[in-house]
Structures are given as C-alpha cells and as structure tokens.
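Listed here are the chains, written in short residue letters.
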Amino acid sequence: MERKKIYEMIVVEGKNDTNTLKSWFDCDTIETNGSALSESTIEKIRLALKKRGVIVFTDPDYPGEKIRKTIDRDVPGCKHAFVNKESASDSRKGKIGIEHAGRIELTAALMAAKPSFSEKEVPSDHKEISPSDLQRAGLIAGPLSKTKRELLGKELHIGYTNGKQLYKRLKQFRISYDDFNKALSKVEKELQD
C-alpha cells in the first residue's frame, strides 16, 4: 500500500507519534518532547512554516492543548489537526495519544486540518457566531451541552472544547455560520437517533 504524502511538517509530541505517522504517511515531523517548548523547537516550527507549512497535531489532552496554544501564540498561521479522545485512546494502558489512533482517523484529521487566524485577520464579511448563538444551540450551560460540544468539535474537526474555548475556536478557525449550522443539525439529528 502506498503511503499518502503530507507536504507540511507535522508537529507532534514525541517519537511514538512520529513512528505511527510515518508508518501510514510519507511525512516529516517536529517533535516537541513535552509541553515545555524550547526556543529552538519554536524556531524550527517558524522555519518550517515559511518553507513548507505546518500542521500542529498534538494529543487530545491538557498537555497537548497547552502545546497547541503556545505554538499558536508564538508561530501564528499554522494549521491544526484534531482527533477525539476515543480515537486516540489505548484502553489497555489507560493512555491517550496520537500514536494510538488508527490510519482512518489520522487521515481524516490531517485532511481536515484548518489554519488558525487571529481576530485581526477576520474579514469584514465573515458572519461571526456569537456566544448567544452557542447558548441558544444548547452548547453552553445545558443538560447535554458537553456531549453536543464533543460531537460538534468532531463534526467540524476542531477538537473538544469547553464553552468558552468553543467560541474562541470557532473564531480562530473561521467556521462559517452556515458550516456551524449544518454541523449543529447533524449533531442534533445524531442525538435524536
């Protein structure tokens, strides 16, 4: 089986992530080796962004989110790929990590990677989703809000978030009002079935 080529450099947390990705894809990685990113690692990511582009693909847990936020702050303009916790879990070892996800989940996440934008870069014609839209949709402070956010994050390929993070991530990845509503409809249909 031919491995799919990923042109961008993929930022991962460690060697196991690299080995898993290289077993399925023709790709290059930058390993952070933990959540305390060194200045030399940040410089490698900056250079990679200029030369090839970058996809940040960290574990769906607190340390992975911390790395993602640091890179987003220090090296704006990277793409971000997400897998959900269930896809990245090793139930036998009780661990979560990219290295535990399968080829199908990894491929879907990498193909759906989205660039992150600062608030200054949002075009004037972009209709923003408001906190009150999230509240009305039952994504904040409702009985099923956590489940809905989980399913919505999966549907939009933006990962799981709490209510406050969801608002920020929708803006960060310029999720359109239409895409938000389509994904929300799928989530609500899934919850009804």
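Residues numbered from 1 in each chain as written. Predicted model: local features only at pLDDT ≥ 70, side-chain atom pairs only at ≥ 80, totals over all residues. Heavy atoms only, no water.

A. Main features of the sheet that holds strand β4 (residues 29-31). Read from one edge to the other, the open sheet built from 5 strands follows the order β4-β2-β5-β6-β9, with strand pairing classed as mixed. Edge positions in the sheet fall to β4 and β9 (114-115), since each of these pairs with one other strand and no more. Examined bridge by bridge, strand β2 (residues 9-12) and β4 share 3 bridges and lie parallel to one another. Pairing of V11 across the sheet is with I30, part of β4. (Pairing = 2+ DSSP bridges. Helix = DSSP H or I, 4+ residues; strand = E, 2+ residues; numbered from the N terminus.)

B. Examining the environment of L152 more closely. Its location among the elements puts L152 in helix α6 (residues 145-156). Separated by 33 residues in sequence, L152 and S185 place their C-alpha atoms 9.5 Å apart. Not counting residues within four places of it along the chain, the set of residues in contact with L152 comprises L139, L166, F180, A183, L184 and V187. (Contact = heavy atoms within 4.5 Å.)

C. Layout of the packing of helix α1 (residues 15-24) against helix α4 (residues 103-111). At a minimum axis distance of 11 Å, the contact between α1 and α4 shows a crossing angle of 90 degrees. Classed by the angle they form, the pair α1 and α4 counts as roughly perpendicular. Contacts from T20, L21 and W24 of α1 reach α4 at R103, L106 and L110. (Axes fitted to C-alpha atoms, helices over the stretch in contact; angles between N-to-C directions. Parallel < 35°, antiparallel > 145°, perpendicular 65-115°, else oblique.)

D. Quick look at the pattern of salt bridges. Under the defined criterion, the tally for this structure stands at 12 salt bridges. The residue E43 makes a salt bridge to R46 at a minimum N-O spacing of 2.4 Å. Of this pair, E43 and R46 both sit in helix α2 (residues 39-51), 3 residues apart, which is roughly one turn of that helix. Measuring nitrogen to oxygen at the nearest pair gives 2.4 Å for the salt bridge that ties D133 to R136. (Salt bridge = Lys/Arg side-chain N within 4 Å of Asp/Glu carboxyl O.)

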